[in-house]
Amino acid sequence: MEMHQVRYFLALCEDLNFTHAAERCHVAQPSLTRAIRQLEQELGGVLFHRERAHTHLSELGRIVRPHLEQVYREMQEAKRRAGDFAKLTHTPLKLGIMCTIAPDQIVDLVSAVRTRHEGVELKMADANAWELEERLLQGDLEVAIYCIPGKEPDERLHVLPLFREQIVAALGSRHRLASRNAVRVKDLDGECYIHRTNCEFAGYADPVFQAQNVNCTAVYWSERDDWTLAMVAAGLGWAFMPENSVHHSAVVGRPIIEPEFWREVNLVTVRGRPHSPAVGALVREATRMRWFGKQALAVERSRDMPETADLPIPS
């Protein structure tokens, strides 16, 4: 069954006149008549009775009419939605955000997408880095912003670097180390530690501390950075945090050195997976904006390597 046959059938149902129905469908009458006969052959019976100048639906025609009307309506709706999708009109985009990223920059990205691409409907979810990667590979997310330090990107993933950020020791303003410009790893030996359960450095920094015989006692575990900062401010311990996440009047962030810790946060998609125009819009805005006052790393590096100056949309 072809869709044009359905359209001709429904037009003939309305007009009950082959000539008028053909004019309505902008086809020659023989073409419409032939299509109706082919449809009758496929459905196994006569759909219209023609009695001289009078044409009317057969019993079979009355039975199949509501079903073919529904088929036609659904096809029209599918075409409309596909058109909206291509034009970024009411196009959903499932975006995953690593929960340890300070929200200010993400809000700026969302605002930019909303301002320049009104049809994109962002559906955001926050989670730790490992969960985001799993959901991305499973297809629950179309794109995600996260990093996993010390791990090479999965070969199935396309990675677009956005920004680098130093990791600091978050200390209460009255902590013995708060007055220093930087804190050495060995300076933290014996300190009480507030463990951020979603920290992407979990399992990565431990061997570094162990190599220097630095032992910190974990006294609290928290899934939320605002609670972690509140406990640090109360003098309950120090926390291992990204520099731009230390927002509390009674907390200071001091760079950890010997060694330093940095994270490189990326926009990640799955290679070879068909992406909607909404993903392309997000990539353009993510590379256009300034992350913590600096250009996106992908743009900065493309200028150092002219042959990659045209940034591709992840595929």
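Just so we're clear, the structure is a prediction, and the values are computed from it rather than from any experiment.

Trainee: Let's hear about the overall build of the chain: which residues, and what values?
Mentor: A count of helices and strands for the chain gives 10 helices and 14 strands. Over its C-alpha trace the chain gives a radius of gyration of 31 Å, far above what one expects of a compact globule, namely 20 Å for 315 residues. Across its three principal axes, the chain shows a C-alpha extent of roughly 105 × 45 × 35 Å. Counting the 315 residues in the chain, one finds 43% classified as buried. Long-range pairs, those at least 24 residues apart, make up 73% of the contacts in the chain between residues at least 6 apart in sequence. On the chain, roughly 17100 Å² of surface is accessible, and the fraction owed to carbon and sulfur atoms is 49%.

Trainee: Residue-level account of the packing of aromatic side chains, with values.
Mentor: With the rule as written, the count across this model stands at 12 aromatic pairs. Judged by centre distance (6.3 Å) and plane angle (90 degrees), the ring pair of F201 and F261 falls under edge-to-face. Taken together, the residues F201 in the loop between strand 8 (192-196) and helix 7 (206-211) and F261 in the loop between strand 11 (251-257) and strand 12 (262-270) connect sequence positions 60 residues apart. Assessed through its relative accessible area of 3%, F201 is described here as buried. What makes F261 buried here is its relative accessible area of 3%. Through a chain of ring-to-ring contacts, three or more aromatic side chains come together here, namely Y193, F201, Y204, F209, W238, F240 and F261. When the ring centre of F18 is taken as reference, the NZ or CZ atom of R50 above it lies at 4.1 Å. Note that R164 overlies the ring of W262, its terminal NZ or CZ placed 4.5 Å from the centroid.

Trainee: So what about helix 3 (residues 29-43)? Which residues, and what values?
Mentor: An α-helical turn contains 3.6 residues, so a residue and the one three or four places further along point in the same direction. Taking 1.5 Å per residue, 15 residues should reach 21 Å; helix 3 reaches 21 Å between its end C-alpha atoms and fits that length. Listed as buried for helix 3 are L32, T33, A35, I36, L39 and E40. Looking down the long axis of helix 3, one finds its buried residues gathered within 160 degrees of arc, a one-sided arrangement. Exposed residues on helix 3 whose side chains face more than 90 degrees from its buried face are P30 and Q41. Two residues or fewer after helix 3 comes G44, characterised by a positive phi angle close to 85 degrees.

Trainee: Pulling in residues and values, what's your account of the packing of helix 1 (residues 3-15) against helix 2 (residues 18-25)?
Mentor: Between helix 1 and helix 2, the shortest axis-to-axis distance is 8 Å and the interhelical angle comes to 130 degrees. Judged on the interaxial angle alone, helix 2 and helix 1 are oblique. Between helix 1 and helix 2 lies a crossing whose hand is right-handed. Between helix 1 and helix 2, the contacting residues are R7, Y8, A11, L12, E14 and D15 on the first element and F18, H20, A21, R24 and C25 on the second. Here the contact of helix 1 with helix 2 is composed, by residue class, of six nonpolar, one polar and four charged.

Trainee: Residue-level account of the nonpolar core, with values.
Mentor: One finds I145, Y146, L267 and W291 to be the most contacted residues of the largest nonpolar core, which totals 38 residues. Ranked by residues supplied to this core, first place goes to helix 9 (residues 277-288) with five residues. Judged by nonpolar contacts, the second largest core, of 20 residues, contains F18, A21, L32 and L68.

Trainee: A description of the environment of E191 should follow, citing residues and the corresponding values.
Mentor: Mapped onto the elements of the fold, E191 is located in the loop between strand 7 (183-184) and strand 8. A relative accessible area of 14% means that E191 is categorised as buried. A sequence separation of 26 residues divides E191 from T217, and the C-alpha atoms of the two residues are 6.4 Å apart. Apart from residues no more than four positions distant in its own chain, E191 is found in contact with H175, R176, N215, C216, T217 and W238.

Calculation criteria
- Residues numbered from 1 in each chain as written.
- Predicted model: local features only at pLDDT ≥ 70, side-chain atom pairs only at ≥ 80, totals over all residues.
- Heavy atoms only, no water.
- Helix = DSSP H or I, 4+ residues; strand = E, 2+ residues; numbered from the N terminus.
- Rg over C-alpha atoms; globule rule 2.2 N^0.38 Å.
- Buried < 20%, exposed > 50% of the residue type's maximum accessible area, 1.4 Å probe, protein only.
- Contact = heavy atoms within 4.5 Å.
- Areas by Shrake-Rupley, 256 points an atom, 1.4 Å probe, with all protein chains shown as cover.
- Phe/Tyr/Trp six-rings, centres within 6.5 Å; stacked < 30°, edge-to-face > 60°.
- Lys NZ or Arg CZ within 6 Å of the ring centre and 35° of its normal.
- Expected span 1.5 Å × (residues − 1).
- Arc of directions from axis to C-beta.
- Axes fitted to C-alpha atoms, helices over the stretch in contact; angles between N-to-C directions.
- Parallel < 35°, antiparallel > 145°, perpendicular 65-115°, else oblique.
- Left-handed = near helix turned anticlockwise from the far one by under 90°.
- Nonpolar A, V, L, I, M, F, W, Y, C, P; charged D, E, K, R; others polar.
- Core = buried A, V, L, I, M, F, W, Y, C linked by side-chain atoms within 4.5 Å.

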